[in-house]
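An overview of the molecular structure
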Amino acid sequence: GHPSLVKALSQVYERVCGRKIDPLTDILVTVGAYGSLFSTIQALIEEGDEVIIIEPFYDCYEPMVKMAGAKPVFVPLRYKNDGSSASSADWVELANKFNSKTKAIILNTPHNPVGKVFSREELQVIADLCIKHDTLCISDEVYEWLVYKGKKHVKIATLPGMWERTITIGSAGKTYSVTGWKLGWAIGPQNLIKHLQVVHQNTLYTCPTPLQEALAQAFWIDYKRMDDPDCYFYSLSRELESKRDRMAQLLQEVGLKPVIPDGGYFMIVDVSPLNVDLSDVDEKQPYDYKFVKWMITSKKLSAIPLSAFCSPETKRQFEKYIRFCFIKKDSTLDAAEVILKNWNKQTA
Amino acid sequence: MLRRAGLSLRHFLLERKSNAGYSSYSSEAKMSRPVQARRLEGIDKNIWVEFVKLADTYATVNLGQGFPNFPPPDFLKEAFARALGGEDHALHQYTRAFGHPPLVKILAQFFGKLLGRELDPMTDVMVTVGAYQALFCCFQAFVDEGDEVIVIEPFFDCYETMVKMAGGTPVFVPLRAKAPKDGKLMSSADWQLDPAELASKFNKRTKAIVLNSPNNPLGKVFSRGELQLIADLCVKHDVLCISDEVYEWLVYDGKEHIRIASLQGMWDRTVIVGSAGKTFSATGWKVGWAMGPNRLLQHLRTVHQNSVYHCATAAQEAVAQGFQREFTLYGKPDSYFVQLPKELQQKRDWLVQSLDAAGMKPIVPEGTYFLVADISAFKSDVPDVPNSDESYDSRFAKWMVKNKGLAAIPLSAFCCEAHKSNYNHLIRFCFAKEEATLKAANEILQKWKQEKTS
């Protein structure tokens with residue numbers, strides 16, 4: 001990584017993690033967080049290994065684990081319909097997935113697509129399992145700054161016994177709203193990061209210099225104002241919270257019950273109350289795929305089907321859900337409002 | 001979805017408290033088994049990491065790592081600044097994964113013309129993070145355990161490690177130096193493949209051959225006859241060709257860069273790798289591409305979508321504009337692709353003169369911005385250490401940067417372990433440098449020579 005960038009990253013994350021982070025040995029800059037996931041998995045995962053993936057999951061985890069020759073093992077989040085919008089892991093089920101072949105668990109918090117922010121207690125259970133079974137933790141924290149009121153992002157690497165076995169992944173794209181800059185980073189102990197560096201030097205070797213330089217300068221500005229509400233890490237989050245609330249309201253007005261996310265910029269919703277009959281369309285496709293395709297063509301509103309984020313066994317469980325992204329300017333949300341308000345008129 | 005979520009979290013936390021005997025609660029919990037994947041075996045060393053550090057620490061004149069120390073052309077920098085600072089905010093977000101449409105379109109148009117065939121920008125071109133990542137995609141896409149890949153020595157060092165990482169076996173065939181005509185300096189053209197030796201390396205396990213023309217480090221520009229030799233063997237043995245052509249514009253003395261994919265029977269089995277870094281003197285932008293038939297490119301796309309997925313948008317936009325300009329100016333004196341080789345040829349000639357005058361024997365390169373020189377006359381400065389693990393040229397290069405402040409790269413970096421001793425009297429210089437840098441190099445060399453003779 002460009003020296004000024006890794007130095008800036010080490011300063012920011014030293015503050016966040018409360019521990020010394022060596023910019024040259026404990027950090028690797030990659031082509032997006034995607035590149036960090038790839039480098040981590042290629043460096044540390046191989047044939048014979050099992051990797052636990054919590055469902056629904058950002059879709060690249062599964063093919064990356066397979067490309068490394070390993071076996072993905074899925075454990076679903078289950079929706080507690082108790083008035084709160086929390087999803088929870090079945091802790092017995094999770095514990096049962098760990099065995100002597102388990103090399104790593106992939107954690108994503110704040111979570112895409114559900115928007116869950118794992119609590120300290122939940123992370124502690126995962127940490128205990130990692131330590132008990134001597135497993136690595138690949139912690140995808142790209143949405144780390146996008147956490148809404150009442151919730152706190154906790155880094156699993158800061159729990160006792162976890163720094164040594166965790167790779168924490170971050171993203172400039174999500175932190176600074178520049179997905180097209182494709183810069184990310186992996187942070188962890190030298191004895192793990194050194195293997196990621198070997199992968200990196202044999203895959204693309206360097207990331208673009210000018211963009212890293214610009215990012216470094218941005219980080220220095222925000223590092224200096226980490227106690228200030230104007231820091232972009234916090235101001236973006238505040239801006240997104242009101243968009244989240246607006247998106248939720250729009251969906252509720254159509255008679256839907258969206259799952260209100262505690263973090264990230266996605267919102268999922270069960271569309272079955274809309275009663276769109278697609279039984280005459282290709283049966284083999286999950287309902288949500290058909291629904292989204294129909295919605296794009298007939299309503300000009302696009303979203304992502306949730307079964308895209310599931311293993312084959314679980315697709316049917318989530319096939320009534322679709323995912324909206326609300327990190328859009330107000331005029332886009334205005335346009336969404338118009339479509340949603342007119343929805344009932346057309347189907348009535 | 002209304003299922004009760006199993007045993008509660010509280011239950012687990014209570015259980016945890018009662019098992020307080022765990023040694024795992026020590027903050028020293030470590031991974032107790034080998035943590036890294038076996039695919040990293042034998043590929044962890046990287047000469048650049050070491051030599052870049054040495055140059056940064058000691059060099060006053062850095063002719064080592066291959067990058068220009070002059071800026072990219074103004075029209076390109078301006079295009080990047082416009083992309084980043086302009087009204088089109090979409091340029092800060094994801095673009096098409098397999099290549100920003102304006103860039104793949106112009107690449108297809110530009111190279112289609114040169115290859116004499118119509119290229120589909122969506123299927124026959126893919127943008128990558130530098131040519132380096134295009135090479136990575138090729139090896140990952142095509143090479144498996146049990147496959148052999150022929151690599152011509154000396155070679156850009158990543159070919160060997162990438163073949164190994166993919167589980168394949170690299171098979172080396174050397175370029176061999178023929179003595180130059182009396183009184184003349186050796187040329188990179190004097191380094192040639194032995195046709196029988198090359199043919200003997202092909203067998204039923206051979207999956208691909210890596211061709212690099214113009215060649216780094218020697219600067220050799222393969223002739224049509226030499227390319228035909230390789231093409232015939234590829235067709236005969238049904239072997240793929242990974243053609244690294246990043247220095248395609250840097251050819252001197254009126255030589256022609258010939259694309260092996262344009263030879264009979266080769267388009268269908270070749271992936272061409274190119275680089276904006278070398279084309280436009282912007283190595284730090286890390287924009288490269290792979291071109292070839294869809295039946296091959298589709299597999300590169302699979303690797304790409306599972307490794308980096310997208311490349312930076314703004315840089316692609318700028319490179320697209322650079323190529324648009326070059327497309328309209330092609331062959332004209334204002335074309336950057338005409339001006340750059342002209343400038344570099346002059347710099348090549350300066351460095352050749354400096355080295356020759358100093359007593360190092362340069363091998364005059366036909367292409368690229370690298371030059372290899374024989375340092376045998378300077379051996380008295382760096383005594384040989386018998387039974388040393390380290391190759392002589394490597395020790396020499398390290399001594400030279402520390403004591404003379406002049407950085408170069410030992411040629412053994414570009415060959416396999418078994419053949420290092422064949423190249424231990426050779427080092428590689430990069431001459432893509434400002435005039436002032438080359439003058440400073442000349443001063444160091446002449447002073448050094450004077451110290452030897454006095």
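Source: prediction; values computed, not measured.

**What to know about the pattern of salt bridges**
All names here are of chain A. Under the counting rule described, the total for this entry stands at 38 salt bridges over all chains. Among the ionic pairs, E337 bridges to K341, the shortest N-O distance being 2.7 Å. With a gap of 4 residues between them, E337 and K341 both fall in helix α11 (residues 330-347), about one helical turn apart. Through salt bridges that share partners, R246, E253, D334, E337 and K341 make up one connected network.

**What to know about the sheet that holds strand β11 (residues 361-363) of chain B**
All names here are of chain B. Strand order in the open sheet formed by 4 strands is β11-β12-β15-β14, with antiparallel pairing between adjacent strands. Of all strands in the sheet, those bounded by a partner on one side alone are β11 and β14 (409-410). Pairing geometry for β11 and strand β12 (residues 370-374), over 3 bridges, is antiparallel. Across the sheet, I363 pairs through a bridge with V372, a residue of β12. Contacts from helix α12 (residues 336-358) reach β11, β12 and β15 (426-430) within the one sheet, and its direction differs from that of β12 by about 10°. The strands that helix α13 (residues 392-404) touches are β14 and β15; relative to β15, the one it contacts most, it runs at about 45°.

**Points about the packing of helix α3 (residues 74-85) of chain B against helix α11 (residues 313-328) of chain B**
A pair of packed helices is captured by two measures, namely the crossing angle of their axes and the spacing between those axes. All names here are of chain B. Interaxial distance between α3 and α11 falls to 8 Å at its minimum, and their mutual angle equals 140°. In terms of orientation, α3 and α11 fall into the oblique class. Pair α3 / α11 crosses with right-handed handedness. Contacts between α3 and α11 involve F75, L76, A79, F80, R82, A83 and L84 on the former and, on the latter, A314, A315, E317, A318, V319, Q321, G322, R325 and E326.

**Some details on the interface of chain A and chain B**
The partner chain B presents 62 residues to the 69 residues of chain A that form the contact. Both faces combined, the contact of chain A with chain B buries some 5,600 Å², and carbon together with sulfur accounts for 58% of it. Summed over the three residues of chain A that lose the most area to chain B, namely D134(A), N202(A) and Y205(A), the buried surface amounts to 11% of that side. Scanning the region where chain A abuts chain B turns up 1 salt bridge. Among the salt bridges present, the one from E46(A) reaches R38(B), with a minimum N-O distance of 2.9 Å. In this structure, the connection of chain A to chain B is made through 22 residue pairs in polar contact (both at pLDDT 80 or more). Its residues placed into classes, the side of chain A that touches chain B shows 32 nonpolar, 22 polar and 15 charged.

**Notes on the sheet that holds strand β8 (residues 240-244) of chain B**
Residues and elements named next belong to chain B. In space, the 7 strands of this open sheet follow the order β2-β10-β9-β8-β7-β3-β4, with mixed pairing throughout. Strands at the two margins of the open sheet, each flanked by one partner only, are β2 (125-128) and β4 (169-174). Along the sheet, successive strands turn relative to each other by an average axial angle of 20°, direction set aside.

**Focus on the UniProt feature "domain: Aminotransferase class I/classII large" (unreviewed entry) in chain B**
In the numbering used here, UniProt assigns the feature "domain: Aminotransferase class I/classII large" (unreviewed entry) to residues 61-441 of chain B. Here residues 61-441 of chain B runs as 38% helix and 16% strand, with 6 Å between its end C-alpha atoms.

**Quick look at the environment of I409(B)**
Residue and element names in this part refer to chain B. Tracing the backbone shows I409 in strand β14. We classify I409 as buried; its relative accessible area is 3%. In this structure, the C-alpha to C-alpha distance between I409 and E160, residues 249 residues apart in sequence, is 18 Å. Excluding residues within four positions of it along the chain, I409 makes contact with W48, F51, G64, Q65, F414, I427 and R428.

What counts and how
Residues numbered from 1 in each chain as written. Chains lettered and ligands numbered in written order. Predicted model: local features only at pLDDT ≥ 70, side-chain atom pairs only at ≥ 80, totals over all residues. Heavy atoms only, no water. Salt bridge = Lys/Arg side-chain N within 4 Å of Asp/Glu carboxyl O. Helix = DSSP H or I, 4+ residues; strand = E, 2+ residues; numbered from the N terminus. Pairing = 2+ DSSP bridges. Contact = heavy atoms within 4.5 Å. Axes fitted to C-alpha atoms, helices over the stretch in contact; angles between N-to-C directions. Parallel < 35°, antiparallel > 145°, perpendicular 65-115°, else oblique. Left-handed = near helix turned anticlockwise from the far one by under 90°. Buried area = accessible area lost by both parts, 1.4 Å probe. Polar contact = N/O pair within 3.5 Å; in protein donor to acceptor, adjacent residues only side chain to side chain. Nonpolar A, V, L, I, M, F, W, Y, C, P; charged D, E, K, R; others polar. UniProt positions renumbered as here; feature names shortened; annotations may be inferred. Buried < 20%, exposed > 50% of the residue type's maximum accessible area, 1.4 Å probe, protein only.

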